[in-house]
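An overview of the molecular structure
Next come the chains, spelled out residue by residue.
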Amino acid sequence: MKYVFSGLFWIGVYLALVMAPLLVLLLGPMPAGSGFWWDLSLALGFAGTAMMGTLFVQTARFRRPSAPFGIDIVYYFHRQSALAAFLFILAHPVVLLWREPPLWAFFRPGLAPWHFWAGVASLLALSLLLISSLWRKPLSIDYDRWRLGHALLAVLALGLAIGHIVGVGHYAAAPWTKVLWGVISLSCLLLLVTVRIIRPAMLLRRPYRVTGVSAERGEAWTLQVVPAGHDGFSFLPGQFAWITLGASPFALKEHPFSIASSSEKAAELHFTIKELGDFTSRIKEVEVGTPVYVDGPYGCFSLDRQPASSYVFVAGGIGIAPIMGMLRTLADRGDRRPLLLLYAYNTWDRLTFREELEALRDRLNLRLVFVLNDPPPDWQGEEGLLTRDLLLRHVPQPLTAAEYFICGPVAMIHIAEKYLHELGVPLGQLHSELFDLV
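Residues numbered from 1 in each chain as written. Predicted model: local features only at pLDDT ≥ 70, side-chain atom pairs only at ≥ 80, totals over all residues. Heavy atoms only, no water.

Our next topic: the overall build of the chain. Counting its secondary structure elements, the chain contains 11 helices and 12 strands. Taken over the C-alpha atoms alone, the chain extends approximately 80 × 50 × 40 Å along its principal axes. Per-residue burial for the chain yields a buried fraction of 50% across its 438 residues. Across the chain, the fraction of contacts at a sequence separation of at least 24, relative to all contacts at a separation of at least 6, is 75%. In the structure as shown, the chain presents an accessible area of about 21,100 Å², 65% of it carried by carbon and sulfur atoms. Separation of charge centres in the chain, based on 36 positive and 34 negative side chains, amounts to 7 Å. (Helix = DSSP H or I, 4+ residues; strand = E, 2+ residues; numbered from the N terminus. Buried < 20%, exposed > 50% of the residue type's maximum accessible area, 1.4 Å probe, protein only. Contact = heavy atoms within 4.5 Å. Areas by Shrake-Rupley, 256 points an atom, 1.4 Å probe, with all protein chains shown as cover. Lys, Arg positive; Asp, Glu negative; His and termini not counted. Charge placed at Lys NZ, Arg CZ, Asp CG, Glu CD.)

What follows covers the packing of helix α2 (residues 36-58) against helix α4 (residues 71-99). One way to put it is that α2 packs onto α4 with a least axis distance of 8 Å and a crossing angle of 155 degrees. Accordingly, the angle class assigned to the pair α2 and α4 is roughly antiparallel. The hand of the α2/α4 crossing is left-handed. When the residues that make up the contact of α2 with α4 are grouped by side-chain class, the tally is 20 nonpolar, 8 polar and 1 charged. (Axes fitted to C-alpha atoms, helices over the stretch in contact; angles between N-to-C directions. Parallel < 35°, antiparallel > 145°, perpendicular 65-115°, else oblique. Left-handed = near helix turned anticlockwise from the far one by under 90°. Nonpolar A, V, L, I, M, F, W, Y, C, P; charged D, E, K, R; others polar.)

Read from one edge of the open sheet, 6 strands run β10-β9-β8-β7-β11-β12, paired in parallel fashion. Each of the sheet's edge strands pairs with one partner strand only, and the pair in question is β10 (382-383) and β12 (430-433). Sheet topology places strand β8 (residues 339-345) next to strand β9 (residues 366-372); 7 bridges connect them, and they run parallel. Bridge pairing in β9 links Leu342 to Val369. Set on the sheet, helix α11 (residues 410-422) makes contact with β7 (310-316), β11 (402-407) and β12; between it and β11 the angle comes to about 160 degrees. (Pairing = 2+ DSSP bridges.)

Where α2 meets helix α6 (residues 143-168), the axes come as close as 10 Å, and the angle between the chain directions of the two elements is 145 degrees. α6 is crossed by α2, and the crossing has left-handed handedness. On the side of α2, the interface is formed by Phe46, Thr49, Met52, Gly53 and Phe56, while α6 contributes Ala154, Val155, Ala157, Leu158, Ala161, Ile162 and Ile165. Across the contact of α2 with α6, the residue classes tally to 10 nonpolar, 2 polar and no charged.

What follows covers a nonpolar patch on the surface. Together, Leu186, Leu189, Leu190, Val193, Ile197, Ile198, Met202, Leu204 and Phe250 make up a nonpolar patch on the protein surface, roughly 820 Å² of accessible area in all. As for its position among the elements, Val193 is in helix α7 (residues 175-204). (Patch = residues over 30% accessible without salt bridge, like charges linked within 9 Å, V, L, I, M, F, W, Y side chains within 5 Å. Salt bridge = Lys/Arg side-chain N within 4 Å of Asp/Glu carboxyl O.)

This part takes up the packing of aromatic side chains. Using the criterion set out here, one finds 24 aromatic pairs in the structure. Their ring planes at 40 degrees and their centres at 5.8 Å tell us that Tyr75 and Trp242 sit as a pair that is tilted. Here the residue Tyr75 occupies a position in helix α4, and Trp242 occupies one in strand β3 (residues 240-245), the gap between them amounting to 167 residues. No difference in accessibility class separates Tyr75 from Trp242, as the two residues are buried. Taken together, a centroid distance of 5.4 Å and an interplanar angle of 80 degrees make the contact between Trp242 and Tyr298 edge-to-face. Of this pair, Trp242 sits in strand β3 while Tyr298 sits in strand β6 (residues 291-298), and the two are 56 residues apart along the sequence. Taken together, the aromatic side chains of Tyr343, Tyr345, Trp348, Phe370 and Trp379 make up a single cluster linked through ring pairs. (Phe/Tyr/Trp six-rings, centres within 6.5 Å; stacked < 30°, edge-to-face > 60°.)

All right, on to the layout of surface pockets then. Empty space within the second largest pocket amounts to approximately 1,100 Å³. Considering the residues around the second largest pocket, the lining is formed by 44 residues, among which Thr59, Tyr75, His78, Trp146 and His150 are closest to the centre. For the lining of the second largest pocket, the secondary structure elements donating two or more residues are α2, α4, α5 (114-134), α6 and α7. Looking at the lining of the second largest pocket residue by residue, the classes come out as 29 nonpolar, 5 polar and 10 charged. (1 Å grid on protein atoms, 1.4 Å probe; cavity = no way out; pocket = protein on both sides within 12 Å on 5 of 7 lines; lining within 4 Å. Points joined across faces, edges and corners; volume = space filled by probe spheres on them.)

Take the sheet that holds strand β4 (residues 254-258) next. The 6 strands are arranged β4-β3-β6-β1-β2-β5 in an open sheet whose pairing can be described as antiparallel. On the outer flanks of this sheet lie β4 and β5 (269-274), each paired with one strand and no other. Ignoring strand direction, the axes of neighbouring strands in this sheet form an average angle of 35 degrees. Bridging between strand β2 (residues 220-227) and β5 involves 6 bridges; their strand directions are antiparallel. By the bridge assignment, Ala220 is partnered in β5 with Lys274.

Turning our eyes to something else, we now look at the pairing of β5. Most of β5 is tucked away: 6 of the 6 residues are buried. Every second residue of β5 is oriented toward a common face, with Leu269, Phe271 and Ile273 on one face and His270, Thr272 and Lys274 on the other, all of them buried.

The first and last C-alpha atoms of α6 sit 37 Å apart over 26 residues, in line with the 38 Å expected at 1.5 Å per residue. The residue sitting at the N-terminus of α6 and contributing the capping side-chain oxygen is Asp142; that oxygen lies 3.1 Å from the backbone nitrogen of Asp144. Following α6 by one or two positions, Gly169 has its phi on the positive side, about 80 degrees. (Expected span 1.5 Å × (residues − 1). Polar contact = N/O pair within 3.5 Å; in protein donor to acceptor, adjacent residues only side chain to side chain.)

Coordinates in, geometry out; function isn't part of it.
Laid out in C-alpha cells, this is it:
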C-alpha cells in the first residue's frame, strides 16, 4: 500500500505543477478585451508549456518519484504527456487564428514582433522533437545522435515558449507571474545541470571495467563488468541500469540494459545484450579492461517487491535477461518456492540461456515450458504463439496464488496480460517490463 499512496502523492504533485501557472495567472487582473476563446487559447498555451517543463523532471531518473510506478512506466508516460503538451500548444495558435483571422497578418515578414516568431520557432522545435522520437527507428536515426538532438530540441522548445509568454505579456505582466516563469526556467536549468553535469561527474568517480564478453545463443552477448576501486551497488533482481561503454559519462552515449546476474553476487554485473542495432552489434568486439560507467539500479520489475508463495515468468526473446537475473538470485538463495517459466522463442537452437535454464531445474523448484514459433521436426513441446489455452494448460491453479512477471516484445506483453487477466489474474499481480528506448 505504501507504493499506492506514494504514487497518488506524486500524481498530485504532477497535476499541481501543470496547473500552477493557470492558478497563479488567475490571481492577477484580467486584461481588457479578452473573451472566452482568447482566454481558452492562452490557457492551453500555458498548460502545454508547464507540461513541457515537467518533461525534464520525468527523464531525470529521480528514484523516489519513479519508485511507485517503475521508470519504464515513467518513460512511457513521458511520451504520452509530450504528445499531449504538443496538442495543447498547437491548439493555442489554432484557436486564436480561427477566432481572430486578422492575426494571420503577423506571418508577413517584418510585421510580427520577436515574441511571435519565438512562439512559432518553439512549435517547430517541438514538432521536430516528436517526429524524431516517434519515428526514430523508421527514419534510421542513430540512437546517440538522437539523444543529443532530443535534449537540444527540448531545451530550445521550452526556452522559446517561455520567451514567447513573457514577450506577449498577456496575463503574464504581473511581477509574480514573471517570477513564476523565472522559477520554471531556473528549475529546468538546474535539472539539466544535475543530469548532464553533476550525475556524470559522480559516475566518473565510480568507474567499472569489462572483465569478459561471452557469447550466448540467439546472437546475444553477456558483458561482464566489475567496479574499479569501489564497492559497486546493491540491486534488486530484475532491475536495470544505463551503461556508458568506452566513453566519458558526459558523452550522452548511455544505453539501458537489464542486469541478468544474481543480486546475491553484486560484485560482478552481467548484462546480456542481443544484437539489434549499431551499438549492440559491437558488444562482441569489446575488449577486456574497457572502462564502463554504470548508472543504476532502476526499475521495479523485481520479485523482491512482490512477495508470493509462487511465481510465474513469461519471457519472449531477450526479455529473458531480467527474468534470468531473478532465477539466478533465487537459486543462490536456495529458494524452493514453485516457479513456472514460459519462454517463447523462434527456434530451439537459438534459444538464449537454454542450457543454463535446464541446469537451474536442479537448483530450483522450476518448471520450464518452451514455446517455439519454428520448432524442429522432432519437437514434442508447445509451438506457435502464446494463446489463452496454452496459458490455461500450464499456469497452476489457483491462478491468483502467484505473482506474474512478463518481459519481451511489447505485442507479446500485451497479449500475455490480456489473456491472464481474462483467466482471472488481478491486474495488480501482473508485472511487465515495458522499457523500450533503443
